[in-house]
Amino acid sequence: MSSRPSLRSERRWALWGSYAALALFAVFFLTPPVYMLITSLKTSAEIGGQAGSPWVVRHPTLQNYLDLIGNPHFRVFFFNSLKVTLCVVAVSMAISVLAAFSLARMKFWGSGVLAAGVFLTYLVPDSLLFIPLFQIIGKLGLTNNVWCLVLLFPTLAVPFCTWIMIGYFASIPKELDEAALIDGASWMQLLFRIFIPVALPGIIAATIFAFTISWGTLLYPLAYLYSSDQMVLTVGILTELIRGDVFEWGRIMAGSLLAAMPPVLIYVFLMDYYIAGLTAGATKG
Amino acid sequence: MAEVSIRKAVKSYEAGVQAVKSIDLEIADREFVVLVVPSGCGKSTTLRMVAGLEDITGGEIWIGGDLVNDIPPRDRDIAMVFQNYALYPHMSVFDNMAFGLKLRRFPREEIRKRVDEAARILDITALLGRKPRALSGGQRQRVAMGRAIVRHPKVFLFDEPLSNLDAQLRVQMRTEIKKVHQSVRTTTVYVTHDQVEAMTLADRVVVMNQGRIEQVGPPQMLYHHPATRFVAGFIGSPAMNFLPCRLERMGACLGVRLSETVLLAVPASRTARYEPCLGRPMVLGLRPEHLTDPREPARPDAARLDVAVDVVEPMGMETLVHFVIGATPACARVDPATPAVPGGVLALHADMGQMHLIEDAAGSVV
């Protein structure tokens, strides 16, 4: 009996293990952005120089950022990304919420199969889809038009967002919609006055996902857009700042960090809502 | 206010399961009817059919003179209180109660007036600004009742509203519900598996079994005159004793033979009724409270019964004594002062004036 570890020491070891795993995780995922930040604060000469550690900035400068912000092309890329993302988020969420509500609650013939089908659609890689989609976009006359992304990105965002929302809606107690139906709500009132407010954490999770997809996807913009005035940030940074075999590393890193800012801000501001469980108190428990 | 009429109502599911098997029930205006059954016998399905939350497979449901089979729940003018409260978690108590009125576009002052009135009846005025998560179970159930009251519906439907509360709160809320019904007098259909709730609340109790109605009647009638063995066993706590027996002649009267040595005299007034059962295997039904210690003055129909005591359970105001007659376990409810000890012999009086004679095979009370 005496050789058995006490509960307290077991707990201490579990904690140490958790901290070690988390530290490893943090190092692995935070090293690239830290390296980007360091590089973005260097001049081209310092980046090209071989002397000293690459992790140390000897002559810090904000010139890369100022150049980018002053660059009219970068501003166009940024606003193109912004308008495409806002539209994609709105379109994707409108479709996903309605689809998820009907699939989760309005039981109809084939609703179960359809719900599984929605998820299977998400499993089809976008690299498989972009050739047939190219033909469709071509026929619609939207090639090299930034608005084509508003049609394309929802094909990536809607299936996953719908899947997330089905899960959230399904977790809302059935008695809640029955109570609302008896109280006099129509299906639409039930959705807008009960389901959407109660499933807000799920909606925020899905919104973050749609935002991230729309803001960060490279393949479709790379395939469908080729004029500077139509490009979004992901592809714009690549084409503007890599000329032949000349890489403007300082500005590429500064541009990538600036481009990563909006999703980071979205996460920071919405995380509290995302984590909060709003269904507390609805039913027993 | 309205009467509710359920006529030949049937509910079948796709798998061929019939949850409700052609039931007929007439509920009068302002009446408080309790459907009581063990779980899984179709009581909630029946209530949900009245609410419109379940489609009805066959038959008709009428509320206030209107056939409502194909009318959606919101147009039936009913209000329902659920077992797990079903409060809207993102709304305050006031908004929860006002939700139905807002959807029906009631004027703001009218909504305020009705919510305040319901809150006063339920003593939740101080809670109107809180969210459901800041309430206790009992408070949440009051709010759920308040949400029903403010609508002034034709019918209240309660689906096991007290099942999630602890024993003490359940008793308290039971009284509240009765008080509310006495003050608003709305026709009420209440579903429970707790026969004590059924007995204490109902004007009439409906006992259901396997999707069928076994018996309908006022609580006292069901207690004293159960129609079947199922009802006799379900109503009353502890449950009625069922002792296999045979009827024999005892001079001019009849006697109930429980074992080689035990023969209890049947009251003379029942001779004619029970005579056709002579010689057939029957079951004697006798409640624990009618199998008791010898008391003064002796009951005229009391028959002496000596039993070997197995277990004694003092309850404070009474004591339950468990024993075996023949091979059948039985229970008696005796005065706490009765000297009952495990292993000892106790002389009991069986109040045969309260006996029930039950057909062994059919389960019907003679």
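Source: prediction; values computed, not measured.

Chemist: Go over the packing of helix H4 (residues 72–105) of chain A against helix H10 (residues 200–216) of chain A, please, and point to the residues and values.
Modeler: Residue and element names in this part refer to chain A. At a closest axis distance of 9 Å, the pairing of H4 and H10 adopts a crossing angle of 140°. Regarding the angle of H4 to H10, the classification is oblique. Judged by the sense of rotation from one axis to the other, the crossing of H4 with H10 is right-handed. Across from Phe78, Ser81, Leu82, Val84, Thr85, Val88, Val89, Ser92, Met93 and Val97 in H4, the residues of H10 making contact are Ile203, Ala206, Thr207, Ala210, Phe211, Ser214 and Trp215.

Chemist: Tell me about the packing of H4 of chain A against helix H7 (residues 148–171) of chain A, and name the residues and values.
Modeler: Residues and elements named next belong to chain A. The geometry of H4 relative to H7 is characterised by a closest axis approach of 7 Å and an angle of 40° between their N-to-C directions. Taken together, the axes of H4 and H7 are oblique relative to one another. Between H4 and H7 the crossing geometry is right-handed. Along the lines of polarity and charge, the residues of the contact of H4 with H7 split into 23 nonpolar, three polar and one charged.

Chemist: I'd like a rundown of the confidence of the model for chain A, residues and numbers included.
Modeler: On average, residues of chain A carry a pLDDT of 86, and 94% of them reach 70 or more. Of all secondary-structure elements in chain A, the lowest mean pLDDT belongs to strand S1 (residues 242–243) of chain A, at 78, while H4 of chain A reaches the highest, 93.

Chemist: Go over the pattern of salt bridges with me, naming the residues and quoting the values.
Modeler: Per the stated rule, a full pass over the model turns up 23 salt bridges over all chains. Residue Arg151 of chain B is joined to Asp183 of chain A by a salt bridge in which the shortest nitrogen-to-oxygen separation is 3.3 Å. Of this pair, Arg151 of chain B sits in the loop between helix H4 (137–149) and strand S7 (155–159) while Asp183 of chain A sits in helix H8 (residues 174–183), on two different chains. Residue classification places Arg151 of chain B among the buried positions, given a relative accessible area of 7%. Judged by its relative accessible area of 3%, Asp183 of chain A is buried. Arg142 of chain B serves as the salt-bridge partner of Glu176 of chain B, at 3.7 Å between the closest nitrogen and oxygen. With a gap of 34 residues between them, Glu176 of chain B in helix H5 (residues 167–184) and Arg142 of chain B in helix H4 connect regions that are remote in the sequence. We note that Glu176 of chain B, like Arg142 of chain B, is buried. Salt bridges sharing partners connect three or more residues here, namely Glu178 of chain A together with Lys11, Arg48 and Glu54 of chain B.

Chemist: Please provide a residue-by-residue account of the sheet that holds strand S19 (residues 345–351) of chain B, values included.
Modeler: Residue and element names in this part refer to chain B. Taken in spatial order, the five strands line up as S15-S19-S16-S17-S18 in an open sheet, and their pairing is antiparallel. Looking at the sheet topology across the chains shown, the edges are occupied by strand S15 (291–292) and strand S18 (328–334). Two elements, S15 and S19, share two bridges in a ladder whose sense is antiparallel. Its bridge partner lying in S19, Leu291 is registered against Ala350.

Chemist: Kindly report on the nonpolar core, identifying the contributing residues and their values.
Modeler: Core analysis: the largest hydrophobic core is formed by 98 residues, its most contacted members being Leu149, Phe169 and Ile194 of chain A together with Leu157 of chain B. The dominant element in this core, judged by the number of residues it contributes, is H4 of chain A, at 11 residues. Look past the residues within four positions of Leu157 of chain B in its chain and what remains in contact with it is Leu47, Val50, Ala51, Ile78, Ala79, Met80, Val81 and Val189 of chain B. Core analysis: the second largest hydrophobic core is formed by 47 residues, Val34, Ala118, Ile124 and Met173 of chain B among them.

Chemist: Hey, could you go over the interface of chain B and chain A for me, with residue numbers and the actual values?
Modeler: Taken together, the contact pairs 28 residues of chain B with 24 residues of chain A. At the boundary of chain B and chain A, one finds nine residue pairs in polar contact (both at pLDDT 80 or more). If you list the elements that add at least two residues to the side of chain B that touches chain A, you get helix H1 (43–51), strand S6 (78–81), helix H2 (93–103) and H4 of chain B. Among the elements that line the side of chain B that touches chain A, the one with the most residues is H2 of chain B, at four residues. For the side of chain B that touches chain A, the per-class residue count stands at 16 nonpolar, four polar and eight charged.

Chemist: Lay out the confidence of the model for chain B with the relevant residues and their values.
Modeler: All names here are of chain B. Per-residue pLDDT for chain B has a mean of 87; in total, 98% of the residues score no lower than 70. The lowest-confidence element of chain B is helix H9 (residues 271–274), averaging 82 in pLDDT; the highest-confidence one is H2, averaging 94. Prediction confidence for the complex, expressed as pTM and ipTM, is 0.79 and 0.81 respectively.

Chemist: Which residues make up the environment of Val4 of chain B, and what values go with them?
Modeler: Following the sequence through the fold, Val4 of chain B ends up in strand S1 (residues 4–12). In contact with Val4 of chain B, other than residues within four places in its own chain, are Leu25, Glu26, Ile27, Val50, Trp62, Val155 and Thr187 of chain B.

Chemist: Explain unusual backbone geometry residue by residue, including any values.
Modeler: Cis peptide bonds are those with omega within 30 degrees of zero, and the linkage from Ser237 of chain B to Pro238 of chain B qualifies with -5°. With respect to the helices, strands and loops of the structure, Pro238 of chain B is situated in the loop between helix H8 (229–234) and strand S11 (241–250). Notably, Asn144 of chain A is not glycine yet its phi reads approximately 55°, a positive angle. Mapped onto the elements of the fold, Asn144 of chain A is located in the loop between helix H6 (126–139) and H7. Using a relative accessible area of 14% as the deciding quantity, one classes Asn144 of chain A as buried. One non-glycine residue with positive phi stands out, namely Arg185 of chain B, at about 50°. If you trace the backbone, Arg185 of chain B turns up in the loop between H5 and strand S8 (187–192).

Chemist: Report on the domain arrangement of chain A, specifying residues and quantitative values.
Modeler: Reports of interface size often rely on the accessible area that becomes lost once the parts have come together. Residue and element names in this part refer to chain A. Once the domains are mapped, chain A shows domain 1 (3–48) and domain 2 (63–278). For domain 1 versus domain 2, the distance between C-alpha centres works out to 30 Å. At the junction of the two partners, domain 1 supplies eight residues and domain 2 supplies eight residues. Between domain 1 and domain 2 the total buried area reaches about 620 Å² when both faces are included, carbon and sulfur atoms providing 74% of it. Taken as a group, Met36, Ser40 and Ile47 account for 66% of the area that domain 1 buries against domain 2, more than any other trio of residues on that side. Between domain 1 and domain 2 we count zero salt bridges in total. Counting the contacts that link domain 1 with domain 2 gives three residue pairs in polar contact (both at pLDDT 80 or more).

Conventions we followed
- Residues numbered from 1 in each chain as written.
- Chains lettered and ligands numbered in written order.
- Predicted model: local features only at pLDDT ≥ 70, side-chain atom pairs only at ≥ 80, totals over all residues.
- Heavy atoms only, no water.
- Axes fitted to C-alpha atoms, helices over the stretch in contact; angles between N-to-C directions.
- Helix = DSSP H or I, 4+ residues; strand = E, 2+ residues; numbered from the N terminus.
- Parallel < 35°, antiparallel > 145°, perpendicular 65-115°, else oblique.
- Left-handed = near helix turned anticlockwise from the far one by under 90°.
- Contact = heavy atoms within 4.5 Å.
- Nonpolar A, V, L, I, M, F, W, Y, C, P; charged D, E, K, R; others polar.
- pLDDT = per-residue confidence, 0-100.
- Salt bridge = Lys/Arg side-chain N within 4 Å of Asp/Glu carboxyl O.
- Buried < 20%, exposed > 50% of the residue type's maximum accessible area, 1.4 Å probe, protein only.
- Pairing = 2+ DSSP bridges.
- Core = buried A, V, L, I, M, F, W, Y, C linked by side-chain atoms within 4.5 Å.
- Polar contact = N/O pair within 3.5 Å; in protein donor to acceptor, adjacent residues only side chain to side chain.
- Domains from an automatic or database assignment.
- Buried area = accessible area lost by both parts, 1.4 Å probe.

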